[in-house]
Amino acid sequence: MAAASAREKQTAALKRMLNFNAPPLNTSLSEPVWKVLIYDRFGQDIISPLLSVKELRDMGITLHLLLHSDRDPIPDVPAVYFVMPTEENIDRICQDLRNQLYEAYYLNFISAISRSKLEDIASAALAATAVTQVNKVYDQYLNFITLEDDMFILCHQNKELISYHAINRTDIQDTDMEAIMDTIVDSLFCFFVTLGAVPIIRCPRGNAAEVVAVKLDKKLRENLRDARNSLFTADNTAGQFSFQRPLFVLVDRNLDMATPLHHTWTYQALVHDVLDFHLNRVALEEGPGPDPSPSGARPKRKNRKTYDLTAADRFWQKHKGSPFPEVAEAVQEELDTYRAQEDEVKRLKCIMGLEGEDDGAISMLSDNTAKLTSAMSSLPELLEKKRLIDLHTNVATAVLDHIKSRKLDVYFEYEEKLMSKSTLDKSLLDIISDPDAGTPEDKMRLFLIFFITALQPPTESDLEQYSKALTDAGCDLSPLNYVKQWKAFTKMATPANYGNSGVKPLGLFSRVMNSGSQFVMEGVKNLVLKQHNLPVTRILDNLMEMKSHPETDDYRYFDPKMLRGSESSIPRNKNPFQEAIVFVVGGGNYVEYQNLVDYSKSKQGKKVVYGCSELFNASQFIKQLSQLGQK
């Protein structure tokens, strides 16, 4: 049996918790116990990508409320709490006990609670004579967010506390740095407890990744030594893992600064780059319509619509890693197939006398009246298909608008050439000075990639000329100030190698799309990606396959299961790994994630998981660089 993914394990742990920490029963006969779920923002972010409201309801959750909202007492219902063990959360729980809000309290802490805070709760329960109602207190060790089967981030709330900017500030105090590292280690520890595996840790020397590795090794080691309380007991992990332990590679964002700025061409990464997409939910602004509001009237507010892009969405799962042109074609094909079935939908609605009914109402019916006919069973399925097609039509159209208005295909192609050191067909200055090509931020991203990947830094006079062009184009130069310092500081003899990437243009789109298409792609280049490994993927490949390579030979090796920590770079284990987790301290992005996914698809039987301290898109990253450059 293949190892269950972190997403499956985290979901199973949440379901167990919602069932009062007992394994959920699979009997459909018994009604679930009705209960309320009380979470804080951290808990909300962990649950929302994994369990839908419907799934919560199926598990007996009638209400889910934020801990710090005004909540009315519901005296005859048990409450399951899922919160971080912070001072203010503990105070609020004590207040709930005093106010006797619920019948019973099941307290679950996302991360381990300290002894002293537990005592605070105990004394509050005593004072409120509610001791018998506090049924269970659990440490869940779930302080991380899984977004995909093979991707996780540490947090979404307060992520600025562990951001690239926070770690790389020049004026940072040692105590602050220590706190940031401890926060990261606490989450990674939770991740491995949930996975039920003790990894072998590899990391480069001399940066934040090394600090995290040393601390994580110590924390895992201490837990394994403490036989009574170890979270990695045999019964906990048996049967879930292949015999081999996973490899855990920690790298620092500074290893590759170009990729997070890169304009991208695959669907998921584009959605993250140009739209508002976080925790698997994308928000689109729908235009107010063509007619301008009468003068003096308030302009109509744009509607914001949110869509969840989930594991259940087959189109998304299949195409999130595809180049955008393929996605547009696929959406169009789905649309055509659906149109062919539309008459069928009308016929089915007619049979059931539901002509004027709302689609949502019909899909609710399906559970109770599946006995009606096959007509009934195929209707909800068709309507669900229609919902997904509409969703992707809207999302893809929004992405396409950005590609066309900002000439993102031009940027993507040019940056790929810069990164793979191929010959350039036009000068960088031309793109920077072209008023129609992209936003000032797009130009800045392009220039930074040029600056980071250049073998020879541009001469002073050239730099002057570029800076002037950038300023004229409306760019803020502070990110460049920081990248200059960064480059001087890293003094890398050779910039990171991006492999012989490159793109093959397949001509323009005009001929691909027929005139009936929703997507007017004229003038957008039909680019196809060649498979190549980004720096993070290349490092992983060296370490996973045990290849000797100057880039990684010096990486430290930790095995928390060994009695004494060893100061070595020499791996004890000489066999290639089947499973690996790569974690980027300082933030990651979907471009790297996609590159790792493609890599593991090309390797038979290998599993790779990508994690990062936060997930940012290029504009969020540029903001952090510019804050660092303003010092």
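- Under an unreviewed UniProt entry, the protein chain has the name Sec1 family domain-containing protein 1 and belongs to Neogobius melanostomus.
- The annotation that UniProt attaches to the protein chain under Function (unreviewed entry) is "Plays a role in SNARE-pin assembly and Golgi-to-ER retrograde transport via its interaction with COG4. Involved in vesicular transport between the endoplasmic reticulum and the Golgi."
- Under Sequence similarities (unreviewed entry), UniProt gives the following word-for-word description of the protein chain: "Belongs to the STXBP/unc-18/SEC1 family."

1. Regarding the environment of Glu579
Item 1. Residue placement: Glu579 occurs in strand 16 (residues 579-585).
Item 2. Separated by 26 residues in sequence, Glu579 and Gly605 place their C-alpha atoms 8.8 Å apart.

2. Quick word on the environment of Pro560
Item 1. One can find Pro560 in the loop between strand 15 (556-558) and strand 16.
Item 2. For Pro560, a relative accessible area of 0% corresponds to the buried category.
Item 3. Separated by 360 residues in the primary sequence, Pro560 and Ile200 have C-alpha atoms spaced 7.2 Å apart.
Item 4. The contacts of Pro560, once residues within four sequence positions are left out, are Val198, Pro199, Ile201, Asp217, Leu220, Arg221, Leu224, Arg225 and Arg245.

3. Here's the deal with the sheet that holds strand 8 (residues 200-203)
Item 1. Spatial strand order, 6-7-17-16-9-8-15: 7 strands in an open sheet with mixed pairing. Edge strands, defined here as strands with exactly one partner in the open sheet, are strand 6 (145-148) and strand 15. Recorded for the sheet is a direction-independent mean angle of 20° between the axes of neighbouring strands.
Item 2. Here 3 bridges tie strand 7 (residues 151-153) to strand 17 (residues 607-612), and the two strands are oriented parallel to one another. Within strand 17, the position partnered with Phe152 by the bridge is Gly611.

4. Observations concerning the side chain of Asp442
Item 1. You can see Asp442 is positioned in helix 17 (residues 440-453).
Item 2. Overall, the relative accessible area of 0% leaves Asp442 in the buried class.
Item 3. Only 2.8 Å separates the side chain of Asp442 from the side chain of His263, close enough to count as a polar contact.

5. Details of the pairing of strand 6
Item 1. In terms of strand pairing, strand 6 meets strand 7 through 3 bridges, oriented antiparallel. Bridging from a neighbouring strand, Thr146 pairs with Phe152 of strand 7.
Item 2. Connecting strand 6 to the antiparallel partner strand 7 that follows it, the hairpin turn spans 2 residues.

6. Observations regarding the sheet that holds strand 11 (residues 281-286)
Strand pairing within a sheet occurs via backbone hydrogen bonds; the two strands may be parallel or antiparallel.
Item 1. Judged by pairing direction, the sheet is antiparallel, and its 3 strands sit side by side in the order 10-11-12 without closing on themselves. In this open sheet, the two strands that pair with only one neighbour each are strand 10 (276-278) and strand 12 (303-308). Adjacent strand axes in the sheet meet at a mean angle of 20° when their direction is disregarded.
Item 2. Looking at chain direction, strand 11 and strand 12 are connected through 6 bridges and run antiparallel. The partner of Leu284 across the bridge, within strand 12, is Lys305.

So, how was this worked out
Residues numbered from 1 in each chain as written. Predicted model: local features only at pLDDT ≥ 70, side-chain atom pairs only at ≥ 80, totals over all residues. Heavy atoms only, no water. UniProt positions renumbered as here; feature names shortened; annotations may be inferred. Helix = DSSP H or I, 4+ residues; strand = E, 2+ residues; numbered from the N terminus. Buried < 20%, exposed > 50% of the residue type's maximum accessible area, 1.4 Å probe, protein only. Contact = heavy atoms within 4.5 Å. Pairing = 2+ DSSP bridges. Axes fitted to C-alpha atoms, helices over the stretch in contact; angles between N-to-C directions. Polar contact = N/O pair within 3.5 Å; in protein donor to acceptor, adjacent residues only side chain to side chain.

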